[in-house]
Amino acid sequence: MNLLNTLVDKGLRRETPTREEALAVLVTSDDDVLDVVAAAGRVRRHWFGRRVKLNYLVNLKSGLCPEDCSYCSQRLGSDTGILKYSWLKPEEASKAAAAGLAGGAKRVCLVASGRGPTDRDVERVAGTIAAIKERHEDVEVCACLGLLSEGQAERLRAAGADAYNHNLNTSEATYGDITTTHTYADRVDTVRKAHAAGLSACSGLIAGMGESDEDLVDVVFALRALDPDSVPVNFLIPVEGTPLAAEWNLTPQRCLRILAMVRFVCPDVEVRIAGGREVHLRTLQPLALHLANSIFLGDYLTTEGQAGRADLEMIADAGFEVEGADEVTLPAHRAAAGGGCGAHEGAGACGSHGDGGARGTHGGEGAGCGAEAGGAGCGGHAGAAGSTAAESAAAGADAARTDAARTDAARTDAARTDAARTDAARTDAARTDAARTDAARTDAARTDAARTDLVAVRRRGAGTDLAPNA
């Protein structure tokens, strides 16, 4: 396919495709989706190898938001049943972060609902950053607190924040359709403030809100112009009780095409699969790793994620490896420009430990956090809790294993094969039952129609017997 060859060539040279080429990716057929993934995968591997960066969300403040973002379970006046609480104490947040770091995460995303932080809120977050970095010196910390006022980005940078997340979410033309309490220009201004303060900018989008292909291309080209170091791609989780609860527009193949388009437009940027991947990509999640080089580990803000151990197994089974804390995320030309996560002069140290960018081949949001496509922060949807505290601890232990131990874990494939043989030996009666179950599936499940039965709303967190994101 000439289109894909052209896009690969441009991606390897860091050239921007035309709008027409980006749109053409989105309208390729399901029959061609594997070709699209293979082509975009070449670009991903060229800049990032086979590494997958793990990120972990800590929800510092849940619900109680004065903004009216239509996709968000924490929006003004919402009745979504999510857990609502005010600011976690620094030691609580540090403990929550430790679970994700033990699981292999190298970045912690500190998210708080609301329009934007007060100066007192910035002080609170500064204390939390200090508590986390006291225990984990090399961890990357990304703050996601909403719209920033003058001087706040600089204060966060001085407090030890490495990055700041604030998503554009959708195109400028349609932004007023999803939010009325702040503007698209407000969001752009906050991303620019983060840049100017030397923070690594993280800004992405939400797909599946009823937007057109042209809207998706518009927002991705706008992100390319802003030049963030990381671009989270959220897939709307239509949480019951939000205005977009009926917007089930995505299929796994559509999600793959969107991720491929983002990769072609932003070839050397950390592309992160954020909220909604479990709901919309489902069993095709491993294919998405050929397009994105970053995911969230475990749960989101108010919607449920895949268990941490399952994420790690998926990465290993797909032939990828978890990016280590001492490895540079971004390609050398971006990391060297700022010595940090980033491509910006004066950026912080995240993603550039050790030899800076010399390795060469690898490189949320309340009202303001804006990634709550079902409600997530720092690029992830507001999430429920999928894994228990015990599962989180187990996932942490698994991720902390050495490469040799990972190899041992991979040997369990043989055991899985034995199990598969056992399954194959099931009785005819069991097979008949399975066949009847298949026959009873709904027409929607048999086709590419979106699944409407997959949303869970998080009800755990501060004030309960389980920590947020447990």
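Structure's up top.
Residues numbered from 1 in each chain as written. Predicted model: local features only at pLDDT ≥ 70, side-chain atom pairs only at ≥ 80, totals over all residues. Heavy atoms only, no water.

### Remarks on the packing of aromatic side chains
Using the following cut-off: Any two rings among Phe, Tyr and Trp, with Trp reduced to its six-membered ring, count as a pair given centres within 6.5 Å; such a pair is stacked if its planes are under 30 degrees apart, edge-to-face if over 60, and tilted if neither. Exposure classes here rest on a 1.4 Å probe applied to the protein chains alone. A residue is buried below 20% of its type maximum, exposed above 50%, and partly exposed in between. For a lysine, the NZ atom is tested; for an arginine, the CZ atom; a charge sits over a ring if that atom is within 6 Å of the ring centre and within 35 degrees of the ring normal.
Counting across every chain of the model gives one aromatic pair. Their ring planes at 65 degrees and their centres at 6.1 Å tell us that Tyr175 and Tyr184 sit as a pair that is edge-to-face. Each member of the pair, Tyr175 together with Tyr184, is buried. Above the ring of Phe320, the side-chain terminus of Arg50 is found at 4.4 Å from the ring centroid.

### Looking at the pattern of salt bridges
Counted only if it meets this: Each reported salt bridge corresponds to a side-chain nitrogen of Lys or Arg within 4 Å of a carboxyl oxygen of Asp or Glu. Secondary structure elements follow DSSP: runs of H or I of four or more residues count as helices, runs of E of two or more count as strands, with numbering from the N terminus.
Applying the stated criterion across every chain yields a total of 23 salt bridges. Here Asp162 and Lys133 are joined by a salt bridge, their closest N and O atoms 3.0 Å apart. Of this pair, Asp162 sits in the loop between α6 (152-158) and β4 (163-165) while Lys133 is found in helix α5 (residues 119-135), placing the two residues 29 residues apart along the sequence. The partner of Arg277 in a salt bridge is Glu278, with the nearest N and O atoms 3.6 Å apart. Across this residue pair, the class does not change: Arg277 and Glu278 are buried. One network of salt bridges, with partners in common, ties together Lys53, Arg107, Glu140, Glu270 and Arg272.

### A word on unusual backbone geometry
Although it is not a glycine, Arg14 adopts a positive phi angle of roughly 60 degrees. Mapped onto the elements of the fold, Arg14 is located in the loop between α1 (2-12) and α2 (19-26). You will see that Asn169, though not glycine, has its phi angle at about 75 degrees, which is positive. Summarising the element assignment, Asn169 is placed in the loop between β4 and α7 (175-178). Given the relative accessible area of 1%, Asn169 is considered buried.

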